[in-house]
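Reading the structure
Next come the chains, spelled out residue by residue.
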Amino acid sequence: MPLALSATLASCNAVALQEGGSLKSYAGMTASNGTLTKSRIRVEGTSLLAAKTVRIVPTSIHPASAGNIAPRELALVANTIDRALCTGLSERFEIVAPSQLADLTVHATVTRIVPTNKSAATVSSVASIGATAVSVPMPRIPIGLGGLAVEAEATNMLGAQMAAIVWARGADMLTTQARASAVGDAYSLSSAFGKDFSKMLVTGKDPLKGMPQVPSVRKMTAALGGKSKFEACRTFGEAPGVTGMIAGRLGLPPAWSDKGASTKQFTQPH
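So, here is what we can say about the structure in this document. (Residues numbered from 1 in each chain as written. Predicted model: local features only at pLDDT ≥ 70, side-chain atom pairs only at ≥ 80, totals over all residues. Heavy atoms only, no water.)

1. Comments concerning the packing of aromatic side chains
As a reminder, the rule being used: By convention, a stacked pair of Phe, Tyr or Trp rings (six-membered ring in the case of Trp) has centres within 6.5 Å and planes under 30 degrees apart, an edge-to-face pair has planes over 60 apart, and any other such pair is tilted. Numbering of helices and strands runs from the N terminus, with a helix taken as a DSSP run of H or I at least four residues long and a strand as a DSSP run of E at least two residues long. We call a residue buried when its accessible area falls under 20% of the maximum for its residue type, exposed when it is over 50%, and partly exposed in between, using a 1.4 Å probe and counting protein chains only.
What the rule picks out here adds up to two aromatic pairs. Plain terms: the ring middles of phenylalanine 193 and phenylalanine 197 are 6.0 Å apart, the flat faces sit at 15 degrees to each other, and that makes the pair stacked. With phenylalanine 193 and phenylalanine 197 both in helix α6 (residues 184-203) and four residues apart, the pair spans about one turn of that helix. Overall, phenylalanine 197 belongs to the buried group, its relative accessible area being 0%. Counting every residue linked through ring pairs, the aromatic cluster contains Trp167, Phe193 and Phe197.

2. A look at helix α9 (residues 241-249)
Because the α-helix completes a turn every 3.6 residues, residues three or four places apart line up on one side. To keep it simple, the criterion reads: Throughout, the arc means the angular range of directions from the helix axis out to the C-beta atoms. We call two residues in contact when some of their heavy atoms are within 4.5 Å.
Within the span of α9, buried status applies to Gly241, Gly244, Ala247 and Gly248. Looking straight down α9, one finds that the buried residues subtend no more than 105 degrees of arc, so they occupy a single side. Tucked into the core, α9 has its buried residues touching α7 (217-223). In the segment just after α9, glycine 251 is the residue with positive phi, at about 80 degrees.

3. Observations concerning the nonpolar core
Most often, soluble globular proteins keep nonpolar side chains buried together rather than apart. Our working rule: To qualify as a nonpolar core, a set must consist of buried Ala, Val, Leu, Ile, Met, Phe, Trp, Tyr and Cys residues joined through side-chain atoms within 4.5 Å.
Of all hydrophobic cores here, the largest spans 45 residues; its most connected members are Leu89, Phe93, Ile95, Leu148, Phe193, Phe197 and Leu201. Listing elements by their share of this core, those giving two or more residues are β3 (53-61), α4 (71-89), β5 (104-114), β6 (147-155), β7 (161-170), α6 and α8 (231-234).

4. Considerations on a nonpolar patch on the surface
Under the convention used in this document: Here the term patch refers to residues with relative accessible area over 30% and no salt bridge, with like charges joined within 9 Å and nonpolar side chains (Val, Leu, Ile, Met, Phe, Trp, Tyr) within 5 Å. Computed with the Shrake-Rupley method and a 1.4 Å probe, the accessible areas treat only the protein chains shown as cover for residues. Counted as salt bridges are all cases of a side-chain nitrogen of Lys or Arg within 4 Å of a carboxyl oxygen of Asp or Glu.
A cluster of nonpolar side chains, Val242, Met245, Ile246 and Leu250, forms an exposed patch at the surface whose accessible area comes to about 370 Å². Inspection of the secondary structure assignment puts valine 242 in helix α9.

5. Concerning the side chain of arginine 169
As a reminder, the rule being used: In this count, Lys and Arg are taken as positive residues and Asp and Glu as negative ones, while His and the chain termini are left out.
By the element assignment, arginine 169 lies in strand β7. For the buried arginine 169, no salt bridge exists, and the shortest N-O distance to an oppositely charged side chain is 4.6 Å, to aspartate 172. In this view, arginine 169 contacts Val15, Leu36, Thr37, Gly147, Leu148, Thr175, Leu189 and Ala192; residues no more than four positions away in its chain are not counted.

6. Here's the deal with the pattern of salt bridges
For side chains bearing opposite charge, pairing can occur when the charged atoms are close. If you walk through the whole model with that rule in mind, you get five salt bridges. Between aspartate 185 and arginine 140 there is a salt bridge, and its shortest N-O distance comes to 2.7 Å. With aspartate 185 in helix α6 and arginine 140 in the loop between α5 (118-133) and β6, this pair connects stretches of sequence that are 45 residues apart. As far as the burial class goes, aspartate 185 and arginine 140 line up, both buried.

7. Quick notes on the state of the cysteines
For clarity, the threshold we go by: Note on terminology: pairs of cysteine sulfur atoms within 2.5 Å are recorded as disulfides.
Per the counting criterion, the structure on display carries one disulfide. The side chain of cysteine 86 participates in a disulfide bridge whose partner is cysteine 233; the two sulfur atoms lie 2.2 Å from each other. With the S-S dihedral at roughly -90 degrees, the linkage between cysteine 86 and cysteine 233 falls on the left-handed side. Of this pair, cysteine 86 sits in helix α4 while cysteine 233 sits in helix α8, and the two are 147 residues apart along the sequence. Taken individually, cysteine 86 and cysteine 233 each receive the classification buried, so the pair is uniform in this respect.

8. Some remarks on the packing of α4 against α6
Inclusion rule: Every axis in this analysis is a line fitted to C-alpha atoms, fitted for helices over the stretch in contact. Angles between the N-to-C directions lie between 0 and 180 degrees. Each angle is binned into one of four classes, with values under 35 degrees roughly parallel, values over 145 roughly antiparallel, values of 65 to 115 roughly perpendicular, and all other values oblique. Note on convention: the crossing is left-handed when the near helix lies turned anticlockwise from the far helix by less than a right angle, right-handed when the turn is clockwise. Three categories are distinguished: nonpolar for Ala, Val, Leu, Ile, Met, Phe, Trp, Tyr, Cys and Pro, charged for Asp, Glu, Lys and Arg, and polar for the others, with Gly belonging to the last.
Interhelical geometry of α4 versus α6 gives an angle of 30 degrees and a closest axis separation of 8 Å. In terms of orientation, α4 lies roughly parallel with respect to α6. Two packed elements cross with a definite hand, and for α4 against α6 that hand is right-handed. Every residue of α6 that contacts α4 at Leu76, Val77, Thr80, Ile81, Ala84, Leu85, Gly88 and Leu89 is listed here: Ala186, Tyr187, Ser190, Ser191, Phe193, Gly194, Lys195, Phe197, Ser198, Leu201 and Val202. For the contact of α4 with α6, the class distribution of residues is 12 nonpolar, six polar and one charged.

9. Considering α6
We count it as follows: Helix span is expected to be 1.5 Å times the residue number reduced by one.
In this model α6 runs 30 Å from its N-terminal to its C-terminal C-alpha over 20 residues, within 8% of the 28 Å that 1.5 Å per residue would give. Counting buried residues in α6 gives 15 out of 20 residues, a clear majority hidden from the surface. Immediately beyond the C-terminal end of α6, within one or two residues, lies glycine 204, with a positive phi of roughly 70 degrees.

10. A word on the sheet that holds strand β4 (residues 94-96)
Note the following rule: If DSSP finds at least two bridges between two strands, the strands pair.
Taken in spatial order, the seven strands of this open sheet run β1-β2-β7-β6-β5-β3-β4, and their pairing is mixed. Each of the sheet's edge strands pairs with one partner strand only, and the pair in question is β1 (30-31) and β4. Here strand β2 (residues 37-43) pairs with β7 via seven bridges, running antiparallel. Following the sheet pairing, arginine 42 is matched in β7 by alanine 164.

Printed below as a string of C-alpha coordinates:
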(Lines give C-alpha, C1' and ligand atoms only; values in the text may rest on other atoms or scores of the structure.)
Protein backbone atom coordinates (compact mmCIF):
# COMPACT_ATOMS: atom_id res chain seq x y z
CA MET A 1 0.00 0.00 0.00
CA PRO A 2 1.47 3.44 -0.93
CA LEU A 3 2.69 5.43 2.07
CA ALA A 4 0.33 8.35 1.41
CA LEU A 5 -2.72 6.06 1.26
CA SER A 6 -1.57 4.14 4.33
CA ALA A 7 -1.16 7.38 6.27
CA THR A 8 -4.60 8.60 5.24
CA LEU A 9 -6.28 5.37 6.28
CA ALA A 10 -4.38 5.49 9.56
CA SER A 11 -6.06 8.86 10.24
CA CYS A 12 -9.23 7.24 11.51
CA ASN A 13 -11.20 7.15 14.70
CA ALA A 14 -10.01 4.02 16.49
CA VAL A 15 -12.96 2.28 18.16
CA ALA A 16 -12.27 -0.32 20.83
CA LEU A 17 -13.91 -3.74 20.78
CA GLN A 18 -16.72 -3.77 23.29
CA GLU A 19 -18.62 -6.71 24.75
CA GLY A 20 -22.29 -6.01 25.30
CA GLY A 21 -23.28 -9.22 27.07
CA SER A 22 -25.73 -10.33 24.36
CA LEU A 23 -23.75 -13.40 23.21
CA LYS A 24 -24.25 -16.81 24.77
CA SER A 25 -20.50 -17.11 25.16
CA TYR A 26 -17.32 -15.16 24.46
CA ALA A 27 -15.09 -18.18 25.01
CA GLY A 28 -12.80 -19.46 22.28
CA MET A 29 -12.84 -16.27 20.25
CA THR A 30 -9.65 -15.31 18.41
CA ALA A 31 -8.43 -11.90 17.25
CA SER A 32 -8.77 -11.06 13.56
CA ASN A 33 -7.97 -7.54 12.42
CA GLY A 34 -8.04 -5.89 9.01
CA THR A 35 -6.60 -2.58 7.85
CA LEU A 36 -9.48 -0.65 9.42
CA THR A 37 -11.50 -3.27 11.29
CA LYS A 38 -10.90 -4.93 14.66
CA SER A 39 -12.66 -8.15 15.54
CA ARG A 40 -12.70 -11.30 17.62
CA ILE A 41 -14.40 -14.29 16.04
CA ARG A 42 -15.44 -17.87 16.65
CA VAL A 43 -16.74 -20.01 13.80
CA GLU A 44 -17.82 -23.65 13.49
CA GLY A 45 -17.17 -23.93 9.77
CA THR A 46 -18.39 -27.49 9.16
CA SER A 47 -21.67 -26.95 11.01
CA LEU A 48 -22.33 -23.67 9.25
CA LEU A 49 -21.82 -25.17 5.82
CA ALA A 50 -24.42 -27.84 6.57
CA ALA A 51 -27.10 -25.23 7.38
CA LYS A 52 -29.62 -24.24 4.71
CA THR A 53 -32.07 -21.84 6.35
CA VAL A 54 -31.60 -18.68 8.44
CA ARG A 55 -33.90 -16.43 10.40
CA ILE A 56 -32.75 -12.94 11.36
CA VAL A 57 -33.86 -11.49 14.68
CA PRO A 58 -33.92 -7.69 14.23
CA THR A 59 -30.78 -5.97 15.51
CA SER A 60 -30.91 -4.52 19.02
CA ILE A 61 -29.31 -1.33 20.29
CA HIS A 62 -27.63 -1.69 23.69
CA PRO A 63 -29.10 1.07 25.91
CA ALA A 64 -25.61 2.27 26.90
CA SER A 65 -24.75 2.96 23.26
CA ALA A 66 -27.76 5.12 22.44
CA GLY A 67 -26.73 8.31 24.24
CA ASN A 68 -28.71 11.32 23.04
CA ILE A 69 -29.17 9.97 19.52
CA ALA A 70 -32.73 10.15 18.20
CA PRO A 71 -34.64 6.83 18.05
CA ARG A 72 -35.27 7.29 14.31
CA GLU A 73 -31.51 7.51 13.65
CA LEU A 74 -30.79 4.49 15.84
CA ALA A 75 -33.45 2.56 13.96
CA LEU A 76 -31.76 3.32 10.63
CA VAL A 77 -28.42 1.98 11.90
CA ALA A 78 -30.03 -1.21 13.23
CA ASN A 79 -32.09 -1.74 10.09
CA THR A 80 -29.11 -1.20 7.79
CA ILE A 81 -27.29 -3.98 9.62
CA ASP A 82 -30.27 -6.30 9.12
CA ARG A 83 -30.59 -5.35 5.46
CA ALA A 84 -26.89 -6.01 4.82
CA LEU A 85 -27.05 -9.32 6.70
CA CYS A 86 -30.11 -10.42 4.73
CA THR A 87 -28.54 -9.50 1.40
CA GLY A 88 -25.27 -11.25 2.21
CA LEU A 89 -26.83 -14.38 3.67
CA SER A 90 -29.14 -14.73 0.67
CA GLU A 91 -26.09 -15.73 -1.37
CA ARG A 92 -26.27 -19.24 0.13
CA PHE A 93 -29.13 -19.54 2.60
CA GLU A 94 -32.89 -19.42 2.38
CA ILE A 95 -34.02 -16.56 4.62
CA VAL A 96 -37.22 -17.22 6.56
CA ALA A 97 -39.39 -14.99 8.76
CA PRO A 98 -38.32 -14.44 12.40
CA SER A 99 -41.36 -16.44 13.53
CA GLN A 100 -40.32 -19.55 11.59
CA LEU A 101 -37.91 -22.33 12.55
CA ALA A 102 -34.53 -22.31 10.81
CA ASP A 103 -31.21 -24.10 10.93
CA LEU A 104 -29.57 -20.89 12.14
CA THR A 105 -30.84 -17.90 14.10
CA VAL A 106 -28.82 -14.71 13.65
CA HIS A 107 -28.94 -11.74 16.00
CA ALA A 108 -26.74 -8.65 16.25
CA THR A 109 -26.48 -5.99 18.96
CA VAL A 110 -24.97 -2.54 18.53
CA THR A 111 -22.72 -2.08 21.56
CA ARG A 112 -21.35 1.38 20.82
CA ILE A 113 -22.01 4.29 18.50
CA VAL A 114 -19.40 7.03 18.39
CA PRO A 115 -21.37 10.07 17.20
CA THR A 116 -20.24 11.99 14.13
CA ASN A 117 -19.58 15.70 14.63
CA LYS A 118 -22.20 17.18 12.31
CA SER A 119 -20.47 20.54 11.92
CA ALA A 120 -17.14 18.98 10.93
CA ALA A 121 -18.91 16.58 8.58
CA THR A 122 -20.70 19.47 6.87
CA VAL A 123 -17.43 21.34 6.34
CA SER A 124 -15.85 18.18 4.89
CA SER A 125 -18.79 17.65 2.53
CA VAL A 126 -18.70 21.23 1.24
CA ALA A 127 -14.94 21.03 0.73
CA SER A 128 -15.25 17.68 -1.05
CA ILE A 129 -17.97 18.94 -3.41
CA GLY A 130 -15.85 21.99 -4.24
CA ALA A 131 -12.77 19.87 -4.85
CA THR A 132 -14.72 17.54 -7.13
CA ALA A 133 -15.72 20.50 -9.28
CA VAL A 134 -12.04 21.14 -10.05
CA SER A 135 -11.08 17.44 -10.11
CA VAL A 136 -8.93 17.59 -6.98
CA PRO A 137 -9.36 14.67 -4.51
CA MET A 138 -10.11 15.93 -1.01
CA PRO A 139 -9.67 13.68 2.04
CA ARG A 140 -12.10 14.21 4.86
CA ILE A 141 -11.20 16.55 7.72
CA PRO A 142 -9.92 14.27 10.54
CA ILE A 143 -12.09 15.89 13.23
CA GLY A 144 -15.19 14.45 14.82
CA LEU A 145 -15.03 11.11 13.05
CA GLY A 146 -17.63 8.59 14.25
CA GLY A 147 -17.53 4.84 14.69
CA LEU A 148 -19.45 1.66 15.39
CA ALA A 149 -19.07 -1.46 17.53
CA VAL A 150 -21.32 -4.50 17.10
CA GLU A 151 -21.47 -8.07 18.32
CA ALA A 152 -23.48 -10.90 16.81
CA GLU A 153 -23.91 -14.65 16.84
CA ALA A 154 -25.57 -17.47 14.95
CA THR A 155 -27.12 -20.29 16.95
CA ASN A 156 -28.56 -23.62 15.83
CA MET A 157 -32.01 -25.05 16.62
CA LEU A 158 -30.78 -26.26 19.99
CA GLY A 159 -29.49 -22.81 20.89
CA ALA A 160 -25.81 -23.73 20.58
CA GLN A 161 -23.51 -21.02 19.27
CA MET A 162 -22.21 -21.82 15.79
CA ALA A 163 -20.50 -18.50 15.10
CA ALA A 164 -19.85 -15.26 16.95
CA ILE A 165 -18.15 -11.97 16.30
CA VAL A 166 -17.22 -8.86 18.29
CA TRP A 167 -16.51 -6.13 15.74
CA ALA A 168 -15.45 -2.48 15.76
CA ARG A 169 -14.49 0.09 13.15
CA GLY A 170 -14.02 3.83 13.04
CA ALA A 171 -14.55 6.21 10.16
CA ASP A 172 -11.46 7.30 8.23
CA MET A 173 -10.50 10.27 6.08
CA LEU A 174 -10.62 8.46 2.76
CA THR A 175 -13.24 5.71 2.57
CA THR A 176 -16.05 7.03 4.81
CA GLN A 177 -18.17 9.81 3.32
CA ALA A 178 -18.96 12.66 5.69
CA ARG A 179 -22.67 13.01 6.44
CA ALA A 180 -24.31 15.71 8.57
CA SER A 181 -25.84 13.35 11.10
CA ALA A 182 -24.87 12.06 14.53
CA VAL A 183 -25.08 8.54 13.06
CA GLY A 184 -23.61 9.44 9.68
CA ASP A 185 -20.53 7.27 10.14
CA ALA A 186 -22.26 4.53 12.15
CA TYR A 187 -24.83 4.24 9.36
CA SER A 188 -22.12 3.80 6.71
CA LEU A 189 -20.17 1.32 8.83
CA SER A 190 -23.26 -0.76 9.64
CA SER A 191 -23.24 -2.07 6.07
CA ALA A 192 -19.57 -3.06 6.46
CA PHE A 193 -20.41 -5.06 9.57
CA GLY A 194 -23.33 -6.80 7.86
CA LYS A 195 -21.11 -7.76 4.94
CA ASP A 196 -18.37 -9.13 7.21
CA PHE A 197 -20.62 -11.26 9.41
CA SER A 198 -22.72 -12.59 6.54
CA LYS A 199 -19.53 -13.53 4.65
CA MET A 200 -18.35 -15.40 7.75
CA LEU A 201 -21.57 -17.43 7.88
CA VAL A 202 -21.69 -18.08 4.13
CA THR A 203 -18.08 -19.28 3.87
CA GLY A 204 -17.54 -20.67 7.38
CA LYS A 205 -14.24 -18.76 7.44
CA ASP A 206 -12.66 -15.61 8.83
CA PRO A 207 -14.21 -12.77 6.77
CA LEU A 208 -11.18 -10.50 7.10
CA LYS A 209 -8.78 -12.96 5.51
CA GLY A 210 -8.30 -13.73 1.84
CA MET A 211 -9.00 -11.67 -1.26
CA PRO A 212 -12.11 -9.47 -1.59
CA GLN A 213 -14.95 -11.14 -3.45
CA VAL A 214 -16.59 -9.70 -6.56
CA PRO A 215 -20.22 -8.91 -5.63
CA SER A 216 -22.83 -11.05 -7.35
CA VAL A 217 -25.49 -9.62 -9.64
CA ARG A 218 -28.04 -10.15 -6.87
CA LYS A 219 -25.96 -8.14 -4.40
CA MET A 220 -25.46 -5.29 -6.85
CA THR A 221 -29.17 -5.26 -7.66
CA ALA A 222 -30.04 -5.06 -3.96
CA ALA A 223 -27.49 -2.26 -3.42
CA LEU A 224 -29.16 -0.27 -6.20
CA GLY A 225 -32.53 -0.55 -4.49
CA GLY A 226 -33.85 -3.68 -6.20
CA LYS A 227 -36.18 -6.12 -4.48
CA SER A 228 -34.68 -8.82 -2.33
CA LYS A 229 -34.89 -12.48 -3.28
CA PHE A 230 -36.73 -13.47 -0.09
CA GLU A 231 -39.86 -11.94 1.39
CA ALA A 232 -38.26 -11.98 4.85
CA CYS A 233 -35.59 -9.57 3.62
CA ARG A 234 -38.16 -7.16 2.22
CA THR A 235 -39.33 -6.31 5.74
CA PHE A 236 -36.06 -4.38 6.11
CA GLY A 237 -36.96 -2.15 3.19
CA GLU A 238 -35.09 -1.45 -0.01
CA ALA A 239 -31.63 0.10 -0.08
CA PRO A 240 -31.70 3.79 -1.09
CA GLY A 241 -29.75 2.93 -4.24
CA VAL A 242 -28.64 5.74 -6.57
CA THR A 243 -30.62 8.29 -4.56
CA GLY A 244 -28.71 7.24 -1.45
CA MET A 245 -25.38 7.48 -3.27
CA ILE A 246 -26.15 11.03 -4.37
CA ALA A 247 -27.35 11.97 -0.88
CA GLY A 248 -24.16 10.53 0.61
CA ARG A 249 -22.01 12.42 -1.87
CA LEU A 250 -23.76 15.64 -0.86
CA GLY A 251 -23.30 14.86 2.83
CA LEU A 252 -27.02 14.65 3.59
CA PRO A 253 -28.27 12.73 6.66
CA PRO A 254 -29.20 9.06 6.03
CA ALA A 255 -32.88 9.72 6.75
CA TRP A 256 -33.10 11.93 3.65
CA SER A 257 -32.81 8.93 1.35
CA ASP A 258 -33.31 5.78 3.45
CA LYS A 259 -36.95 5.02 4.30
CA GLY A 260 -35.89 2.31 6.75
CA ALA A 261 -37.81 -0.87 7.48
CA SER A 262 -41.13 -1.51 5.79
CA THR A 263 -42.51 -2.73 9.13
CA LYS A 264 -41.57 -1.87 12.70
CA GLN A 265 -38.31 -3.73 13.31
CA PHE A 266 -36.43 -1.66 15.89
CA THR A 267 -36.43 -2.97 19.43
CA GLN A 268 -34.28 -2.31 22.45
CA PRO A 269 -33.56 -4.97 25.09
CA HIS A 270 -35.23 -4.47 28.45
